[in-house]
Amino acid sequence: MTDRYAVIGNPIDFSKSPFIHMAFAEVTGQDIDYTKVLGSLGEFAATVDAFRAAGGQGMNITAPFKLDAFDYATERSPAAELAGAANAMKFEGDRVLVENFDGVGLVRDVVHNLACPMKGRRVLLLGAGGAARGALLPFLAEQPAVLVIANRTVAKALALSDIARQHTHGDTQVLALGLDQLLGRSFDVVFNATSASLRAELPPVPATVFAPGALAYELAYGKGLTPFLRLAQNAGVQRLADGVGMLAEQAAEAFAWWRGIRPPTSEVIRQLTVPLD
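Residues numbered from 1 in each chain as written. Predicted model: local features only at pLDDT ≥ 70, side-chain atom pairs only at ≥ 80, totals over all residues. Heavy atoms only, no water.

Engineer: Mind laying out the overall build of the protein chain, listing which residues take part and the relevant values?
Structural biologist: Looking only at helices and strands, one finds 10 helices and 12 strands in the protein chain. Compactness check: the protein chain gives a C-alpha radius of gyration of 19 Å against a globular reference of 19 Å for 277 residues, within 12% of the reference. Its C-alpha atoms give the protein chain principal-axis dimensions of roughly 60 × 35 × 35 Å. In the protein chain, buried positions account for 52% of the 277 residues. (Helix = DSSP H or I, 4+ residues; strand = E, 2+ residues; numbered from the N terminus. Rg over C-alpha atoms; globule rule 2.2 N^0.38 Å. Buried < 20%, exposed > 50% of the residue type's maximum accessible area, 1.4 Å probe, protein only.)

Okay, structure coming up:
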């Protein structure tokens, strides 16, 4: 019997999830059907109820429903609890389990696919919203020497750094700064988790944040050379990446959670990659 899964969002036409998960199913020999569900604002619970009643076994969650999914759950993972949001659901009878795989997918892309270790490195995380919250636990598990959380509103960065210090491993130093306090500091890995690139805007950071040999990572994907990546490139950074690998890796985590087998991701990443030029 074919098992049913879907991604829910609004809008949803842009989603690559059906392509990704059906590719995973083919390579792993799993019998699934994976579709897109356009969720109506204010009707998330009713839409998910209908999907479950029709035999659905799990869903991926995209904007703007990650908070709704978190509230809908009966059981939440530590990663979802910390992020306050969920990007995957699994249905087991009356139980609704939720996870947040964004952070672990991001770290796997950086450490494994891009061969850029974070242990002992200076890491800058731009932004203190949901994407940044989801990245905290996986980042800290890699034991960077320094993790700086920088945000336009310093209070949000401070709040996130307070949470991070409760989960630090080893000797990681966690700092919170305003975006205007980065001058004179440089980092080995710089992540743009702000929403600026979604508006084709540049976050107000100095080009000097990129240390020699740094990796500049844009969490948005499929947008080519964003203003953030162009800033890095103009500063001499040669290692540029966008979030397509993160997208594939978090999908693989969800697939493994649902199906008990983790698919390879390299071919999906290759097919979805947009040149950064």
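Engineer: I'd like a rundown of the pairing of strand β11 (residues 210–218), residues and numbers included.
Structural biologist: β11 sits mainly inside the fold: seven of its nine residues count as buried. As paired strands, strand β10 (residues 187–192) and β11 are joined by five bridges and run parallel to one another. Bridged to Phe-187 within β11 is Phe-210. Both β11 and strand β12 (residues 239–241) contribute to a ladder of three bridges, which runs parallel. For Ala-216, the partnering residue across the bridge sits in β12 and is Leu-240. As for the winding sense of the linkage, the β-α-β connection from β11 through helix α8 (residues 227–234) to β12 is right-handed. (Pairing = 2+ DSSP bridges. Right-handed = clockwise from strand over helix to strand, strands pointing away.)

Engineer: Summarise the sheet that holds strand β2 (residues 32–38); cite the residues concerned and give the values.
Structural biologist: Sheets are built from strands paired through backbone hydrogen bonds, the pairs being either parallel or antiparallel. The strand order across the open sheet built from six strands is β2-β1-β3-β5-β6-β4, with neighbouring strands paired in mixed fashion. The open sheet is flanked by β2 and β4 (75–76), the only strands paired with a single partner. Pairing of strand β3 (residues 56–61) with strand β5 (residues 88–92), which is carried by three bridges, proceeds in the antiparallel orientation. Each residue of the ladder has a partner; that of Asn-60, found in β5, is Ala-88. Running at roughly 170° to β2, helix α1 (residues 17–28) makes contact with β1 (3–9), β2 and β3 of the sheet. Relative to β3, helix α2 (residues 44–53) is tilted by about 145°, and along the sheet it contacts β1, β2, β3, β5 and β6 (95–99). (Contact = heavy atoms within 4.5 Å. Axes fitted to C-alpha atoms, helices over the stretch in contact; angles between N-to-C directions.)

Engineer: I'd like a rundown of the packing of helix α5 (residues 102–113) against helix α9 (residues 244–259), residues and numbers included.
Structural biologist: Across the interface, α5 lies against α9 with an axial gap of 7 Å and an inter-helix angle of 120°. The angle between α5 and α9 places the two elements in the oblique class. Crossing geometry of α5 relative to α9 is assigned as right-handed. In contact with Asp-102, Val-104, Gly-105, Leu-106, Arg-108, Asp-109 and Asn-113 of α5, α9 contributes Gly-245, Met-246, Glu-249, Gln-250 and Glu-253. For the contact of α5 with α9, the class distribution of residues is three nonpolar, four polar and five charged. (Parallel < 35°, antiparallel > 145°, perpendicular 65-115°, else oblique. Left-handed = near helix turned anticlockwise from the far one by under 90°. Nonpolar A, V, L, I, M, F, W, Y, C, P; charged D, E, K, R; others polar.)

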